[in-house]
Each structure stands twice: as structure tokens, then as C-alpha cells.
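Residue strings, one per chain:
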Amino acid sequence: MIDKNLSSRFCNIEFSITHRADLFSRKEHELKCIATVNAQFIVLANTNKRYMDYINSHDATFDGEIPLKVAKKMCAVFKDAEKLAGSEIVYDFARYAKENGLKMFFLGGRADSNAGAVQKIHNDYGVEIEGFSPSFENYPFSEGFISSCCEKISDFKPDILFVGFGAPKQEFFIEDNFDFLKSCGVKYAVGSGGTFEFVSGKIARAPKWVQRAGLESLFRFFNEITWMRFKRILYSFRFYKYINKKPEFAI
């Protein structure tokens, strides 16, 4: 893992996990929290102090080709860094779970996507896994929402938890329930965005060459043309603004 006291900062964020091997290193009895940070999340963190504090207090990966390519050009410490997106490292964790007899839990996403992703991981890796898709809520979550999620987690007691509420809701859920998750024996908590949709096959991943070119957002836009997705693309490109600029916290 990169020493956070060295130059592991890009766009005001400490990217402490830059290789797959770093994903699993943890201290005994530690709950390791991982944020997979793409360009959109970089912008969000630079305008939301709580989200920035969460990321920089835990571990972050590069989830996006363009920010990673820029970081590699600007910071020698990222020269050999890997893109570690939530929809990719979920398979790394599945293999790790299989090899070490660990249990996985998928929280969030659409009900059909969650169920499909759970079935896919179970079939392909033979991992003991369950999932739960609560009804959609904005943050802050209601007591009923939190209670239903925590009850499912408590009953299953997973070692590895993927939370797919979207940023920053998924990270805030982990933060708000950190002590509870740790008491349940959770060792890894990953904010995973739309990972379950990809794993279940409900949304197709862009071809590898499109991903390497940093055009995955455009691929998704042309497969799902909406004003909201177009605004997300424009919003994401604002990350360039924070390469050499301090955060602009709105809240």
C-alpha cells in the first residue's frame, strides 16, 4: 500500500490502493472500507467535505481511465497504478472469498440486479453469498430503511460487504453503521455503485478498447440516451478543475 505521507494525492484525494494486492491487506480485527473513485466522485468529494473526509480516512482506488491516465502523467507514484473499478474488483473479492472461506453480501441495486448478481457469483465461484435490495430512499435514510438493511446483514454475518446505493449514500451508510458492521464481523466494506447491474448482466459493459480509451461514459450514454446521463458526463469532466486547485466545499 502507498504511504499516505508520500505523494499519493491526486485532485485532493489520497489514492491508497493502486494495485490488486493492496485490496486485501488489512490489520487484524480491522474493518477496511474501500471507495472506488471515478471522475464524477472526484468532483463530488471536492464539493462535499464529509465525502472527502470519508475517502481520505479510508482507502480509495482509481475507478476511471481518464483520471488514472492524467494521474500517471503528473505523479510518479502512480506510474504503475491499476484501474480498480467496483465492477471489476467484485470478482477479485469473489476469488479471495472462495480461497479463504469467506462470505459475501450484496446490499442495494435493483431487486432483479441484486438477485442476478448474487446468483452469478455463487454459480461462478461457489461462494456463500446473499443479498438484499431495500426500497429506494434518499439520504439521510429512515430508521426503517437502516433497520431492514442491518437486520439482513446481522442475520448473515458476511465477511465482505458490497454496498450499491451510489455515492455518497453508500459511503455514508457504511460510515453511519461502521461500529455495527464491525460487530457483525465485516472485514471489508466496498462502495460499489452500479456493480450489481453489471455483474447480473442487466447493463452491458463497454468493450475493453472503449474502456481503455476512457470512453465508457459515452458508450453508456449512447446505449441509454437521457439528459441525466449527459449531465453526468459534463459533471465528470469538472475533475480537471481540481488537479491543481483546493476543494470548494458546498456543505
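Each chain carries its own residue numbering, running from 1 in the written order of its sequence. The predicted origin of the model limits local features to residues at a pLDDT of at least 70 and limits the giving and counting of side-chain atom pairs to 80 or more, whereas totals for whole chains, interfaces and linings rest on all residues. Values reported for side chains reflect all heavy atoms of the structure, with hydrogen atoms and water molecules removed beforehand.

Quick notes on the overall build of the chain
(1) Moving on: Numbering of helices and strands runs from the N terminus; a helix is a DSSP stretch of H or I covering at least four residues, while a strand is a stretch of E covering at least two. Regarding its fold elements, the chain presents twelve helices and eight strands.
(2) Moving on: Going through the 251 residues of the chain one by one, you find that 51% of them count as buried.
(3) Moving on: Working rule for contacts: check all heavy atoms of both residues, and any pair within 4.5 Å makes them a contact. Expressed as a percentage of contacts within the chain between residues at least 6 apart in sequence, the contacts between residues at least 24 apart total 73%.
(4) Moving on: Summed over all atoms, the accessible surface of the chain reaches about 12,000 Å², with 53% contributed by carbon and sulfur. Exposure categories follow from relative accessible area, calculated using a 1.4 Å probe and restricted to protein chains: below 20% of the type maximum is buried, above 50% is exposed, and the middle band is partly exposed. Only the protein chains shown count as cover for residues, and all accessible areas are computed by the Shrake-Rupley method using a 1.4 Å probe.

Considerations on the pattern of salt bridges
(1) Moving on: Salt bridge, as used here, is a side-chain nitrogen of Lys or Arg placed within 4 Å of a carboxyl oxygen of Asp or Glu. For the coordinates displayed, the defined rule picks out 15 salt bridges.
(2) Moving on: Residue R20 is joined to E82 by a salt bridge in which the shortest nitrogen-to-oxygen separation is 3.0 Å. Of this pair, R20 sits in the loop between strand 2 (13–14) and strand 3 (32–37) while E82 sits in the loop between helix 3 (65–74) and helix 4 (86–100), and the two are 62 residues apart along the sequence.
(3) Moving on: What makes E82 partly exposed here is its relative accessible area of 27%.
(4) Moving on: Across the pair D112 and R110 runs a salt bridge whose closest N-O atoms are separated by 3.7 Å.
(5) Moving on: Taking the relative accessible area as the measure of exposure, D112 reaches 39% and is therefore partly exposed.

Observations concerning the confidence of the model for the chain
(1) Moving on: How sure the predictor is of each residue is captured by pLDDT, a score from 0 to 100. Of all residues in the chain, 86% have pLDDT values of 70 or greater, and the mean over the chain is 91.
(2) Moving on: In this model, residues 1–6 is a region of pLDDT below 50 whose contacts with residues beyond four sequence positions or in other chains number 17 contacts.

Overview of the environment of N56
(1) Moving on: Residue position: N56 is located in helix 2 (residues 49–57).
(2) Moving on: Here a polar contact is taken to be a pair of N or O atoms separated by no more than 3.5 Å, where protein atoms must pair a possible hydrogen donor with a possible acceptor and residues adjacent in sequence count only if both atoms sit in side chains. Within the structure, the side chain of N56 is placed 3.3 Å from the backbone oxygen of N12, a separation counted as a polar contact.

Things to note about the packing of aromatic side chains
(1) Moving on: Any Phe, Tyr or Trp ring, taking Trp's six-membered ring, that has another such ring centre within 6.5 Å forms a pair; planes under 30 degrees apart are called stacked, those over 60 apart edge-to-face, and the others tilted. Across all of its chains, the model carries 25 aromatic pairs by this definition.
(2) Moving on: Clustering of aromatic rings is evident, with ring pairs tying together F41, Y51, Y139, F141, F145, F165, F172 and F173.
(3) Moving on: Here the guanidinium or amino end of R50 rests over the ring plane of F172, the centre of that ring lying 3.9 Å away. Whether a charge sits over a ring depends on NZ of Lys or CZ of Arg being within 6 Å of the ring centre and within 35 degrees of the ring normal.

Brief notes about the side chain of E197
(1) Moving on: Tracing the sequence through the fold places E197 in helix 9 (residues 195–200).
(2) Moving on: Under the counting rule used here, the positive set is Lys and Arg, the negative set is Asp and Glu, and His together with the chain ends is not counted. Buried charge without a salt bridge: E197, with R110 as the nearest opposite-charge side chain at an N-O distance of 4.4 Å.
(3) Moving on: Side chain to side chain, E197 and S113 meet in a polar contact 3.2 Å long.
(4) Moving on: In contact with E197, not counting residues within four places along its chain, are G109, R110, S113, K202 and I203.

Observations concerning unusual backbone geometry
(1) Moving on: At the junction of Y139 and P140, the peptide bond is cis and its omega measures out at 5° in the coordinates.
(2) Moving on: Mapped onto the secondary structure, P140 falls in the loop between strand 6 (129–132) and helix 6 (143–156).
(3) Moving on: For N12, which is not a glycine, the phi torsion comes out positive at approximately 70°.
(4) Moving on: Locating N12 in the fold gives a position in the loop between strand 1 (9–10) and strand 2.
(5) Moving on: On the accessibility criterion, N12 (17% relative accessible area) is buried.
(6) Moving on: Phi is positive for K157, close to 50°, though the residue is something other than glycine.
(7) Moving on: Mapped onto the secondary structure, K157 falls in the loop between helix 6 and strand 7 (160–164).
(8) Moving on: We classify K157 as partly exposed; its relative accessible area is 45%.

Quick look at the environment of K245
(1) Moving on: In this structure, K245 sits in the segment after helix 12 (227–236).
(2) Moving on: Between the C-alpha atom of K245 and that of C11, which follows or precedes it by 234 residues, the distance is 7.6 Å.
(3) Moving on: Separated by 3.0 Å, the side chains of K245 and E248 make a polar contact.

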